[in-house]
Amino acid sequence: PRREQQAAQADAQQLVTQERGRMRGLALAAAGLLASVGSTLAECNNACSGHGRCGNDDVCSCYPMWGGSDCGERKCPSRLAWADIKDTTVTNREPHFYAECSGRGRCDKELGQCVCDSGFEGEACDRLSCPNNCNGHGRCELMSSANSAYDGWDADKIQVCVCDAGYEGYDCLDRKCKLGDDPISRYDSKIQVCVCDAGYEGYDCLDRKCKLGDGPISRYDSSGSAEAAEEQNVAFSVTNGFASGSTFLLEYEDWRGAKWLTRPIPVLSADGLSASFIEEALLSLPQRAIDSVTVTLGTTGAAAMDFTVTFDSTETPGNQPKLIVHTEGCSDHGCQPVYAGIRDTSVVAERGSPTVTETDGTGQRLVCSGRGKCDSEFGECRCHRGFYGHACEKQTLVL
């Protein structure tokens, strides 16, 4: 019995040993499996930085606006490239395709913002900067807004300066000088000439005459006919008759390019219409926009009226900008000026159908009258010798 007991104990010990070995093997296999899974999940670099998804091929698939091997870099906005090489292998590929920072800037991948090259601006460097920010004397506008006729691919990318009144130039740096009529060309001959005493000749009567012969045609025409002044005829009409209290405004653009509105002008004689009233309204425009003008009334009927404005001053020579007539009326708060507008006694929608007919003046309208140099820094004319006036429009005596 003792021997049998020892044999049974040995068998039990062997079974325990075998079971322990089996369990150890299972544990090692599980540990190996876990290590393998952990290794697989850690294959994508930096776990895609939290800005992407790790694919089955251990490559990060980044979320929008993120890039890099670990999706740790921000992308910058893209717009139409200013210049690129057309990919002819792609169907319908445009010459200017989308490019980061429009190809005119460097992408700060930490912030995801474009650092634009000099002369370019915008979120994606997609706009051309206005030169010198228009020097504070104009507005920076897209070409599509400043020139609606331009429809190029870059119409919404190029910016240009639209200058304030009194300034000009590509960057609005230069000040305008006043326009005037060349005092030597105010007559049909286009020049004032010396009428020499007997025995003398030449443009300044300095030369003594020589014996006459078959010579060239005289250089000057001394007919002496005076130039004609600009005239503009303004006319209104309604179907049934002007309503009492009807008024209108005249708009005039001066040599600087500034536009001015007159005070309200009545249509009916009963409301105070007269030629002098219209003249005073034009002469009272600010900055001496018009220094002299003559108004002649034509028809002054109940349903139609017209008048003629004559620009009879050397301060407003040549072809003048066409007057603009405002008849729509404005009574809202902030209107400047407030005026009734033209109304028909019965037809509410009628506004007088204004027309302006021009008879161009024959004089010139040149910078500094063509007899001086424009000092664009101060907006003043530097007149040539023998000429003076704000626009060099006056001439000293020829001796």
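These numbers were taken from a predicted model, which means no experiment stands behind them.

*Asks:* Which parts of the structure should I look at to understand the side chain of Glu141?
*Replies:* Structurally, Glu141 can be placed in strand 11 (residues 138–142). Only 3.0 Å separates the side chain of Glu141 from the side chain of Arg139, close enough to count as a polar contact. Those residues within four positions of Glu141 in sequence are excluded, and the remaining contacts are Cys130, Ala146, Ile158, Gln159, Val160 and Val162.

*Asks:* I keep staring at unusual backbone geometry and nothing clicks. Help me out?
*Replies:* With the exception of glycine, most residues fall at negative phi, and the peptide bonds are largely trans. Here the amide bond leading from Gln336 into Pro337 is cis, since omega sits at -5°, within 30 degrees of zero. With respect to the element layout, Pro337 can be found in the loop between strand 24 (324–326) and strand 25 (355–359). Of note, the phi angle at Cys172 is positive, near 60°, even though the residue is not glycine. Here Cys172 shows up in the loop between strand 13 (167–168) and strand 14 (174–175). Residues other than glycine seldom take positive phi values, yet Ser369 does so here, at roughly 60°.

*Asks:* Explain the nonpolar core here, please?
*Replies:* As a rule of thumb, soluble globular proteins bury nonpolar side chains together. In terms of nonpolar packing, the biggest core is built from 30 residues, with Phe236, Phe242, Phe248, Leu250, Ile278, Phe307 and Val309 touching the most fellow members. Residue assignment for this core shows that the elements contributing at least two residues are strand 18 (230–237), strand 19 (247–253), helix 3 (275–283) and strand 23 (304–311). With near-sequence residues (within four places) excluded, Val309 lies in contact with Glu230, Glu231, Gln232, Leu282, Val293, Thr294, Val295 and Leu323. Judged by nonpolar contacts, the second largest core, of nine residues, contains Cys76, Trp82, Cys125 and Ile158.

*Asks:* Explanation requested: the confidence of the model for the protein in the structure shown.
*Replies:* Of the residues in the protein, 82% reach a pLDDT of 70 or more, and the chain-wide mean stands at 84. In the model, residues 37–41 has pLDDT below 50 throughout and makes one contact with residues more than four positions away in sequence or in other chains.

*Asks:* Please clarify how helix 3 should be interpreted in this entry.
*Replies:* Since the α-helix turns once every 3.6 residues, residues separated by three or four places project in the same direction. Considered for burial, the residues of helix 3 that qualify are Ala275, Ile278, Ala281 and Leu282. Within helix 3, the buried residues cover an arc of 130° as seen down the axis, which keeps them to one side.

*Asks:* Which parts of the structure should I look at to understand the side chain of Glu393?
*Replies:* Its location among the elements puts Glu393 in the loop between strand 29 (387–388) and strand 30 (394–395). There is no salt bridge for the buried Glu393, and the closest opposite charge comes from Lys394, which lies 4.6 Å off by N-O distance. Only 2.9 Å separates the side chain of Glu393 from the backbone nitrogen of Ala391, close enough to count as a polar contact.

*Asks:* Quick question: what am I supposed to make of the state of the cysteines here?
*Replies:* A disulfide bridge is the covalent bond that connects two cysteines by way of their sulfur atoms. Going through the model one piece at a time under the given rule, you end up with 13 disulfides. Covalent S-S linkage joins Cys62 and Cys71, the inter-sulfur distance amounting to 2.1 Å. Across the S-S bond of Cys62 and Cys71 the torsion is about -90°, and the bridge reads as left-handed. Covalently, Cys177 is tied to Cys374 through a disulfide, its sulfur atoms 2.1 Å apart. Because the torsion about its S-S bond is 90°, the bridge between Cys177 and Cys374 counts as right-handed. Remark: Cys374 occurs in strand 27 (residues 372–375) and Cys177 occurs in the loop between strand 14 and strand 15 (179–180); sequence separation between them is 197 residues. What makes Cys177 buried here is its relative accessible area of 4%. Judged by its relative accessible area of 24%, Cys374 is partly exposed.

*Asks:* Looking at this structure, I do not really get a nonpolar patch on the surface. What am I missing?
*Replies:* On the surface, a nonpolar cluster with roughly 410 Å² of combined accessible area is contributed by Leu80, Phe97, Tyr98 and Trp153. One can find Trp153 in the loop between helix 2 (143–146) and strand 12 (159–163).

*Asks:* Would you mind showing me how to read the packing of aromatic side chains here?
*Replies:* By convention here, two paired aromatic rings are described through the distance between centres and the angle between planes. Evaluated as defined, the whole model comprises six aromatic pairs. Aromatic side chains Trp82 and Phe120 sit 5.2 Å apart centroid to centroid with 65° between the ring planes, which places their arrangement in the edge-to-face category. Residue Trp82 is found in the loop between strand 5 (78–80) and strand 6 (98–100), and its partner Phe120 is found in strand 9 (residues 120–121); the two are separated by 38 residues along the sequence. Comparing Trp82 with Phe120, the two get one shared label, buried. On the numbers, 6.2 Å between centres and 80° between planes, the contact of Phe97 with Tyr98 is edge-to-face.

*Asks:* Sorry, what's going on with the environment of Gly298 here?
*Replies:* One can find Gly298 in strand 22 (residues 294–300). In this structure the C-alpha to C-alpha distance between Gly298 and Ala235, which are 63 residues apart in sequence, comes to 9.0 Å. Discounting chain neighbours no more than four positions away, the residues touching Gly298 are Asp306 and Phe307.

*Asks:* Looking at this structure, how should I read empty space enclosed by the protein?
*Replies:* Space left empty within the atom packing is revealed by a probe, the size of a water molecule, rolled over the atoms. On inspection of all chains with the given rule, the structure shows two cavities of 30 Å³ or more. Approximately 40 Å³ is the volume found for the largest cavity. Surrounding the largest cavity, Leu179, Tyr252, Asp254, Trp255, Ala289, Glu315, Thr316, Pro317, Gln320 and Arg365 form its lining. Of the residues assigned to the lining of the largest cavity, the class counts are five nonpolar, two polar and three charged. Of the voids in this model, the second largest cavity is the one considered here, and its volume is about 40 Å³. Lys178, Trp255, Arg288, Ala289, Ile290, Asp291, Glu315 and Thr316 together form the lining of the second largest cavity. A class-by-class count of the residues in the lining of the second largest cavity yields three nonpolar, one polar and four charged.

What counts and how
- Counting of residues starts from 1 at the beginning of each chain's written sequence and follows it residue by residue.
- Local features in this predicted model are restricted to residues whose pLDDT is 70 or higher, and side-chain atom pairs enter the listing and the counts only when it is 80 or higher, whereas totals over whole chains, interfaces and linings include all residues.
- Note that the side-chain values use all heavy atoms of the structure and ignore hydrogens as well as water.
- A helix here means a DSSP run of H or I that spans at least four residues, while a strand means a run of E at least two residues long, and both kinds are numbered starting from the N terminus.
- Here a polar contact is taken to be a pair of N or O atoms separated by no more than 3.5 Å, where protein atoms must pair a possible hydrogen donor with a possible acceptor and residues adjacent in sequence count only if both atoms sit in side chains.
- The contact definition used throughout considers only heavy atoms, calling two residues in contact when any of these lie within 4.5 Å.
- Think of a nonpolar core as a cluster: buried Ala, Val, Leu, Ile, Met, Phe, Trp, Tyr and Cys residues, connected wherever their side-chain atoms sit within 4.5 Å.
- Only protein chains enter the accessibility calculation, which uses a 1.4 Å probe; a residue is then buried when its area is under 20% of its type maximum, exposed when over 50%, and partly exposed in between.
- Note on scores: pLDDT gives the predictor's confidence for each residue, bounded by 0 and 100.
- By arc we mean the arc of the directions from the helix axis to the C-beta atoms, nothing more.
- Positive: Lys, Arg. Negative: Asp, Glu. His and the chain ends are not part of the count.
- The salt bridge criterion pairs a side-chain nitrogen of Lys or Arg with a carboxyl oxygen of Asp or Glu, the two atoms within 4 Å.
- Sulfur atoms of two cysteines make up a disulfide when they are within 2.5 Å.
- Like charges are joined within 9 Å and nonpolar side chains (Val, Leu, Ile, Met, Phe, Trp, Tyr) within 5 Å, but only among residues with over 30% relative accessible area and no salt bridge; these make up the patches.
- For the area figures, the Shrake-Rupley method with a 1.4 Å probe applies, and any residue is considered shielded solely by the protein chains shown.
- Two rings belonging to Phe, Tyr or Trp (six-membered ring only in the last case) form a pair when the distance between their centres is within 6.5 Å. Interplanar angles under 30 degrees mark stacking, angles over 60 mark edge-to-face geometry, and anything in between is tilted.
- Whether a set of points on the 1 Å grid over the protein atoms alone is a cavity depends on a 1.4 Å probe fitting there but being unable to get out, while an open set qualifies as a pocket with protein on both sides within 12 Å along at least five of seven lines; lining residues are those with an atom within 4 Å of a point.
- Grid points are joined across faces, edges and corners, and a volume is the space filled by probe spheres set on the points.
- All residues other than Ala, Val, Leu, Ile, Met, Phe, Trp, Tyr, Cys, Pro, Asp, Glu, Lys and Arg, Gly among them, are scored as polar; the first ten of these are nonpolar and the last four charged.

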